[in-house]
Amino acid sequence: MLKPTVGPITGHTTSEHARIFLRGEHQQNAVTFAGIRYRRVHEEQWTKSIFTQLSSSRDMTDVIALNGLAANTQYEYQAGWFSLMNPTHTVDSVQELPLQWPKEIYRFRTLSDQLEAPRAYIVGSCRYLRMTAGIASAPHVGDRIFASINKLAQRAEPAISAIIMTGDQIYVDDLNIIAPDRELKDILRKYRTAFSQPHISKLMSGVSTYMILDDHEIEDNWPANKNDNDEFLYKNAIAAYELYQASHSPAHALLADGKINVNLERYWYQFAHGDIEWFVTDSRTRRNLSADNRRILDVEQELALCEWLINSPARVKLVVTSVMFYPDSKSQGDDAWKAFPEQRLRLLETIRTHQLKNVFFISGDVHGSLTSRLTHSEDPQFEVHTIVSSPLCNSKMLPYAKASTFILDQPLARTAAGDYRHELTSPVISQDNFAHLVVDAEQMHVNYHDRDCKLLQSTAITLR
């Protein structure tokens, strides 16, 4: 067996279930399989191996589900792929073959089933990896920060429950003016290159990784910049996104037989870690830009989000939106929630009128990081926070955000019931960084680190 050409990536993980993504390679006139075997750390006996047949229609990728796991337990696993010239082989028949597994052993931990256990997360976005003619230029630059995240994850207490990547994991459009990528094969090559760099590969093999797309997975400021010739681009960009980002997420339902439903109806999803719950929105592909019904979230998604906000018993609720919920930018406001004020106000009024507490909006996009608090002039019980983390790796061609980038001297919204007012609760960080979030019984701790893991800023937000 050979090492995966991309991965393994540990995706959605619960106290009893984990999803592992991996990729093999196409071999002419051969049938190709990928497999995983696993065991609890310190046990000698491997489980029965789990195999899947790989297809070129899925770029030789697949996701394998591990079921019946024990809570709060560290597992180790091996993963690989192989090809056979005999086309009659199946996932059952290859069980009998004397396979030699790759020597690499990976580890992951299932979630604790304790409801109120402290949790920790890594949040980041916007990882620029310029590619020219299919070759990454100085890929170690885009991979450097993941070495620091690995370093932190190895010593973190509580352990990192998940990595949340909030958008622009790749830049399909990084050379749009010179040589735009539109063909599926070129976009897939970007994903393979981006996700197979050594430090990000090591990180994702051992920590549950959740992703959602933003515009650069398709094209800058999509769909506002869409033209009549972009349907081909969109079809290919979305096909690649579904394979490499959505495939190992909870957007794919787990079937009763323990297999993952390959059908994908939407990109937004939810997951829970004890009394902390996440709602990861798709704020990019379901937009309506018509003048009479402007929406950044479609009707179904807005209703689901509001229902979750109102009815979920979670103590802390984190809403991921790849573009900033607030504060608003002084420029380029048509791409974020600033351009959809009616829908944003509906969400805020839902939170306020139902007296919901400990709601956080998590985002990236702006190439700057910050925390901010939103209050209401006539309702002292209302409080919402935003946490922004961006970029993991910036391009020299793109500026960093600063405090002067944002509108901070006027209310976010004015209503008959009062004004929504916001203030920064941290400086704006204008350099490559990632966020380390720790949620305990009393506070949300937001720690920003630079690409060398140096602590840049720490903010403690009291939970209510």
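Residues numbered from 1 in each chain as written. Predicted model: local features only at pLDDT ≥ 70, side-chain atom pairs only at ≥ 80, totals over all residues. Heavy atoms only, no water.

Caption draft 1: Molecular detail of the domain arrangement of the protein. Each assigned domain of the protein is listed with its residue range as follows: domain 1 (6-109) and domain 2 (119-462). Computed from C-alpha coordinates alone, the two centres of domain 1 and domain 2 are separated by 29 Å. A buried area of about 1900 Å², summed over both sides, lies between domain 1 and domain 2, and 58% of it is on carbon and sulfur atoms. Of all residues in domain 1, I9, H12 and R19 give up the largest surface area on contact with domain 2, accounting jointly for 28% of the area buried on that side. At the surface where domain 1 touches domain 2, the tally comes to one salt bridge. (Domains from an automatic or database assignment. Buried area = accessible area lost by both parts, 1.4 Å probe. Salt bridge = Lys/Arg side-chain N within 4 Å of Asp/Glu carboxyl O.)

Caption draft 2: Seen up close, the sheet that holds strand β3 (residues 31-40). In space, the four strands of this open sheet follow the order β4-β3-β6-β7, with antiparallel pairing throughout. With partners counted over all chains shown, the strands left at the sheet margins are β4 (50-53) and β7 (106-109), one partner each. Taking the axes of each pair of neighbouring strands and ignoring which way they run, one obtains an average angle of 30 degrees across the sheet. The pairing of β3 with strand β6 (residues 74-84) spans ten bridges and is antiparallel. Residue pairing for β6: V31 is matched across the bridge by L84. (Pairing = 2+ DSSP bridges. Helix = DSSP H or I, 4+ residues; strand = E, 2+ residues; numbered from the N terminus. Axes fitted to C-alpha atoms, helices over the stretch in contact; angles between N-to-C directions.)

Caption draft 3: Seen up close, empty space enclosed by the protein. As enumerated under the stated definition, the model contains four cavities of 30 Å³ or more in all. One number sums up the size of the largest cavity: a volume of about 50 Å³. Lining the largest cavity are I351, R352, Q355, L356, D379, Q381, F382 and R464. For the lining of the largest cavity, the elements supplying multiple residues, two or more each, are α6 (341-353) and β18 (379-388). Counting residues per element, the lining of the largest cavity draws most heavily on β18, at three residues. A per-class count over the lining of the largest cavity returns three nonpolar, two polar and three charged. Reported here for the second largest cavity is a volume of approximately 40 Å³. Residue lining of the second largest cavity: N358, V359, F360, E383, H385, I461, T462 and R464, and that is the complete set. For the lining of the second largest cavity, the elements supplying multiple residues, two or more each, are β16 (359-363), β18 and β23 (455-462). Classifying every residue of the lining of the second largest cavity by side-chain character gives three nonpolar, three polar and two charged. (1 Å grid on protein atoms, 1.4 Å probe; cavity = no way out; pocket = protein on both sides within 12 Å on 5 of 7 lines; lining within 4 Å. Points joined across faces, edges and corners; volume = space filled by probe spheres on them. Nonpolar A, V, L, I, M, F, W, Y, C, P; charged D, E, K, R; others polar.)

Caption draft 4: Expanded view of the side chain of H216. Turning to its location among the elements, H216 is positioned in the loop between β12 (209-211) and α4 (231-246). The exposure class of H216 is buried, given its relative accessible area of 13%. Look past the residues within four positions of H216 in its chain and what remains in contact with it is D168, I170, Y171, V172 and D173. (Buried < 20%, exposed > 50% of the residue type's maximum accessible area, 1.4 Å probe, protein only. Contact = heavy atoms within 4.5 Å.)

Caption draft 5: How the structure looks around the packing of helix α1 (residues 139-155) against helix α3 (residues 198-206). Running from N to C, α1 and α3 point in directions that differ by 35 degrees, and their axes come no closer than 7 Å. Viewed along their axes, α1 and α3 form a crossing whose handedness is left-handed. Facing D143, F146, A147, I149, N150 and Q154 of α1, the residues of α3 in contact are P198, H199, I200, K202 and L203. Each residue belonging to the contact of α1 with α3 can be placed in one class, and the counts come to six nonpolar, three polar and two charged. (Left-handed = near helix turned anticlockwise from the far one by under 90°.)

Caption draft 6: Main features of the sheet that holds strand β19 (residues 413-415). Strand order in this open sheet of eight strands is β13-β14-β15-β16-β18-β17-β20-β19, and the pairing throughout is mixed. Taken across any chain shown, the strands that pair with only one partner, and hence form the sheet edges, are β13 (269-273) and β19. Averaged over neighbouring strand pairs, the angle between their axes works out to 20 degrees when direction is ignored. Strand direction decides the pairing type here: β19 and strand β20 (residues 418-424), joined by three bridges, are antiparallel.

Caption draft 7: Expanded view of helix α5 (residues 299-311). The terminal C-alpha atoms of α5, which comprises 13 residues, lie 18 Å apart, in line with the 18 Å expected from a rise of 1.5 Å per residue. Of the residues making up α5, those classed as buried are Q301, E302, A304, L305, C306, W308 and L309. Where α5 is buried, its residues contact β13, β14 (276-280), β15 (316-320), α6 and β16. (Expected span 1.5 Å × (residues − 1).)

Caption draft 8: The pattern of salt bridges, seen in detail. Scanning the model with the defined rule gives 27 salt bridges in all. Ionic pairing is found between R127 and D143, a salt bridge with its closest N-O pair at 4.0 Å. Note that R127 is positioned in the loop between β8 (119-124) and β9 (131-132) and D143 in helix α1, a separation of 16 residues in sequence. Look at R127 and you get buried, because its relative accessible area is 3%. Residues R373 and E383 are paired through a salt bridge, measuring 2.8 Å at the closest nitrogen-oxygen approach.

Caption draft 9: Quick peek at the packing of aromatic side chains. Following the criterion strictly, the structure yields 25 aromatic pairs and no others. Centre to centre, the rings of Y38 and Y75 are 6.1 Å apart; their planes meet at 65 degrees, and the pair counts as edge-to-face. You can see Y38 sitting in strand β3 and its partner Y75 sitting in strand β6, a full 37 residues away along the chain. A residue is classified by how much of its surface remains accessible, and Y75, at 4% relative accessible area, is buried. (Phe/Tyr/Trp six-rings, centres within 6.5 Å; stacked < 30°, edge-to-face > 60°.)

Caption draft 10: Fine view of the nonpolar core. Ranked by size, the top nonpolar core spans 74 residues in total, and within it F195, W278, F360 and M444 carry the most contacts. At eight residues, the largest contribution of residues to this core is made by α4. Both domains that furnish three or more residues to this core are identified here as domain 1 (6-109) and domain 2 (119-462). Setting aside residues no more than four positions away along its own chain, F360 makes contact with V316, K317, L318, V319, H385, I387, M444, I461 and L463. (Core = buried A, V, L, I, M, F, W, Y, C linked by side-chain atoms within 4.5 Å.)

Caption draft 11: Layout of unusual backbone geometry. Of note, the amide linkage connecting W222 to P223 takes the cis form, showing an omega dihedral of 5 degrees. One can find P223 in the loop between β12 and α4. In this model, Y326 is joined to P327 through a cis peptide bond whose omega is -5 degrees. Within the element layout of this structure, P327 appears in the loop between β15 and α6. Although it is not a glycine, N29 sits at a positive phi angle of roughly 60 degrees. In this structure N29 comes out as exposed when scored by relative accessible area, which is 61%. Backbone geometry at H42 places phi at a positive 85 degrees, although glycine is not the residue there. The residue H42 is located in the loop between β3 and β4 in this model. You can call H42 exposed: its relative accessible area is 77%.

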